[in-house]
Amino acid sequence: MFLMVLVMTVALEPEVVREAAARSVGLIQRVNAQWKTPCVSCHHQVMGALALQSARRHGVAVDEKLAQTTASRDYRLLLNFDWAVKGEPLIDPALSTGSMLVGAEAAGMERSLVTAAYARQVARSQMEDGSWMAFDNRPPHSHSKITATVLGMKAVEAYHPQPQETVRRAKEWLERAEVVDTEDATFRLLGLGTKEAAVELERRQRGDGGWGQTPESRQSDAYSTGQALYALAATGVWKRDGELFEKGVECLLRKQGRDGSWEVQTRLLTPAPVSPPYFESGFPHGKNQFLSMAATAWAVRALCEALPESGEAVRPLPLPKFNDASLPWARTALFGTAEEVSRLDVKAATPGGTTVLMVAADEAAKVKALLNKGANALAVTSTGEDALMIAALYRGNAGTLDLLLKAGLTPRVKRKVRYDMNALNNAVFVNDLAMVQLLLERGAGPDQTFRVLGGAPMRPLLAAATFGNVGILRALVKAGAKLEDVDASGMTALAWAALSGREEVVKTLVELGAKREHRDKFGLRPVDHAKAYPEAPMGAWRALQ
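We now turn to the structure provided with this report. (Residues numbered from 1 in each chain as written. Predicted model: local features only at pLDDT ≥ 70, side-chain atom pairs only at ≥ 80, totals over all residues. Heavy atoms only, no water.)

1. Quick notes on helix α6 (residues 93-107)
Residue pairs spaced three or four apart in an α-helix point in one direction, given the helix's 3.6 residues per turn. The end-to-end C-alpha separation of α6 is 20 Å, in line with the 21 Å expected for 15 residues at 1.5 Å each. The buried fraction of α6 amounts to 14 of the 15 residues, a majority that puts the element mostly inside the structure. Phi turns positive, to about 105°, at Gly108, one or two residues after α6. (Helix = DSSP H or I, 4+ residues; strand = E, 2+ residues; numbered from the N terminus. Expected span 1.5 Å × (residues − 1). Buried < 20%, exposed > 50% of the residue type's maximum accessible area, 1.4 Å probe, protein only.)

As structure tokens, then:
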């Protein structure tokens, strides 16, 4: 017993903790420097930026020159105003765009017209109940509705000039939200910071000091342990010299590899393309490297909380910044009143062809004011987008769509558009039934495709099934969407709903006549996809029996 206490005491000496965190920071930076894809990943770029932020605050060494180079590359999307207005890349408003903004703030990206435009789009994708939907299905870090809601809220807080109402609604939803796993409990605490939310997370700690991803998980892991410890300490619920906190930190130190990493087994065992094709990122642990990277970043944040704050002001990285002065009219178009917008030059546009009408397309009153003044509703950007497509990126915007349709725009276009962007798919991605119904009534085809990140084509029915919007599903089927339409993997909407655990969607599709015995290119039926993830809720599986 004496030996065990001695070992724990030595393990929690500040310099031991600092050295462990520094090894991990060095690994994270080396791996991030060689990231091979253009997307901003939640596990590498965003979690890496958050880990470096914690390290700086607690005096753990960071290679700032490398951090500047990496962050300048990772967040270059935030220097393009045209892309921000078009919502590119459109994947998941909270878990993707929101996550990117949270990482950018951690990296030190200053506010600009670009960050404000992205934050506006995130805010306007918030559901009526205050939450954000989750399109991704990659547990543990890209599937939780609570995680999506907190990331959406944090992104709006960071970069929206008027975040108060959005944040209030999000917190009200979080107060009511049901916690299922450690991911849920962690982000609910990070979003609310209350004792009640902390109790839900505290009670999940195990005898070894760690946390598992779900109550059924056989063992603690660094991902869940790191995030839980960080949330409990960073919100001020636990002190760094508390017995339970020290026990959790000791659990992390015991599991760390010599290279500074923590390995966590992936739960992404399905052959379905729920993630981009596998590649070597430079992080160890093979197929487990992406979750292990996120776990290592969480562990670093937890270890840093065991150290005193440095007390020195953290100097922001000299990152590139968008020149707001280059578009003197844009902020008014983004956030001004209809009267203020009416005084703008209706011919104002960016070099990429994004017009003032497009920038103001989030609100019917602003659009009406510009149209009355002679704005060209039919203008298109250099990559083919029009005002109707952009207006469909904002929930509750059916009135704007109606104005633009009456002004001559059409939801079915024949010209080439980047990523085959179209208004109907945008309306589906932001879960707006009224906009979907209006576009279908005005000629949008339910078979229109949209290429996610320029790659895999996706039709509206498959997207609606993954998001879980039953009303939109029914509207699409009524308009002629084929239940047995398949994607490049041969998967139907029923298969995607089953894989995503969308019980109500599965029941609705079966009721509408979807075939339960269809086999995709993997030889799998929807019922097989419903049990693809260990420990997943089994409601969708039962609905397919």
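Following the structure, the description resumes.
2. A look at the packing of helix α12 (residues 222-234) against helix α14 (residues 289-305)
The axes of two packed helices give the description: the angle between them and the distance between them. For the pair α12 and α14, interaxial distance at closest approach is 7 Å and the crossing angle is 35°. Where α12 crosses over α14, the handedness of that crossing is left-handed. For the pair formed by α12 and α14, the contact residues are Ala222, Tyr223, Gly226, Gln227, Leu229, Tyr230, Ala233 and Ala234 on the first element and Leu291, Ala294, Ala295, Trp298, Ala299, Arg301, Ala302 and Glu305 on the second. (Axes fitted to C-alpha atoms, helices over the stretch in contact; angles between N-to-C directions. Left-handed = near helix turned anticlockwise from the far one by under 90°. Contact = heavy atoms within 4.5 Å.)

3. Describing the packing of helix α2 (residues 14-32) against α14
For the pair α2 and α14, the least separation of the axes is 9 Å and the interaxial angle reads 145°. The handedness of the crossing between α2 and α14 is left-handed. Across the interface between the two elements, Val17, Ala20, Ala21, Ser24, Val25, Ile28 and Asn32 of α2 pack against Met293, Thr296, Ala297, Val300 and Leu303 of α14. A per-class count over the contact of α2 with α14 returns nine nonpolar, three polar and no charged. (Nonpolar A, V, L, I, M, F, W, Y, C, P; charged D, E, K, R; others polar.)

4. So, the nonpolar core
With 187 residues, the main nonpolar core has Tyr75 and Phe81 as its most contacted residues. Among the elements that line this core, the one with the most residues is α14, at eleven residues. Discounting chain neighbours no more than four positions away, the residues touching Tyr75 are Val40, Gln45, Val46, Ala49, Met100, Gly103, Ala104, Ala107 and Met109. (Core = buried A, V, L, I, M, F, W, Y, C linked by side-chain atoms within 4.5 Å.)

5. Looking at the side chain of Thr466
Within the element layout of this structure, Thr466 appears in helix α23 (residues 460-467). Thr466 sits in the buried class, given a relative accessible area of 4%. For Thr466, the contacting residues outside a window of four places in its chain are Ala134, Phe135, Trp496, Ser500 and Arg502.

6. Looking at helix α10 (residues 182-192)
For α10, the buried fraction is high: eleven of the eleven residues fall into the buried class. Summarising the contacts, the buried residues of α10 are in contact with α8 (145-159), α9 (164-176), α11 (195-202), α12 and α14. The N-cap of α10, judged by a side-chain oxygen 3.4 Å from the amide nitrogen of Glu183 a few residues on, is Asp181. One or two positions beyond α10, positive phi appears at Gly193, with a value near 65°. (Polar contact = N/O pair within 3.5 Å; in protein donor to acceptor, adjacent residues only side chain to side chain.)

7. What about unusual backbone geometry?
That bond from Pro139 to Pro140 is cis: its omega, 5°, falls within 30 degrees of zero. Here Pro140 lies in the loop between α7 (113-123) and α8. Its identity as a non-glycine residue notwithstanding, Asn431 has a phi of 60°, on the positive side. For Asn431, the position within the fold is in the loop between α21 (423-429) and α22 (433-441).

8. Looking at the environment of Thr115
By secondary structure assignment, the location of Thr115 is in helix α7. By relative accessible area, Thr115 is classed as buried at 0%. Between the C-alpha atoms of Thr115 and Ala104, which are eleven residues apart in sequence, the distance is 9.2 Å. A distance of 2.9 Å separates a polar side-chain atom of Thr115 from the backbone nitrogen of Ser112.

9. Focus: the state of the cysteines
For the structure shown, the criterion picks out zero disulfides. Cysteine Cys251 shares no disulfide, and the gap to the nearest cysteine sulfur, in Cys304, comes to 17 Å. Given a relative accessible area of 0%, Cys251 falls into the buried group. (Disulfide = S-S within 2.5 Å.)

10. What about the environment of Asn288?
The residue Asn288 is located in the loop between α13 (243-255) and α14 in this model. The sequence separation of Asn288 and Ile390 amounts to 102 residues, and the corresponding C-alpha distance is 38 Å. Once residues lying within four places of it in the same chain are set aside, the contact partners of Asn288 are Glu263, Val264, Gln265 and Thr266. A distance of 3.3 Å separates a polar atom in the side chain of Asn288 from a polar atom in the side chain of Gln265.

11. Section: the environment of Val470
Locating Val470 in the fold gives a position in helix α24 (residues 470-478). When its relative accessible area of 23% is taken as the criterion, Val470 is described as partly exposed. Along the primary structure Val470 and Lys507 are separated by 37 residues, whereas in three dimensions their C-alpha atoms are 9.6 Å apart. Every residue in contact with Val470, bar those within four places of it in the chain, is listed here: Glu504, Val505 and Thr508.

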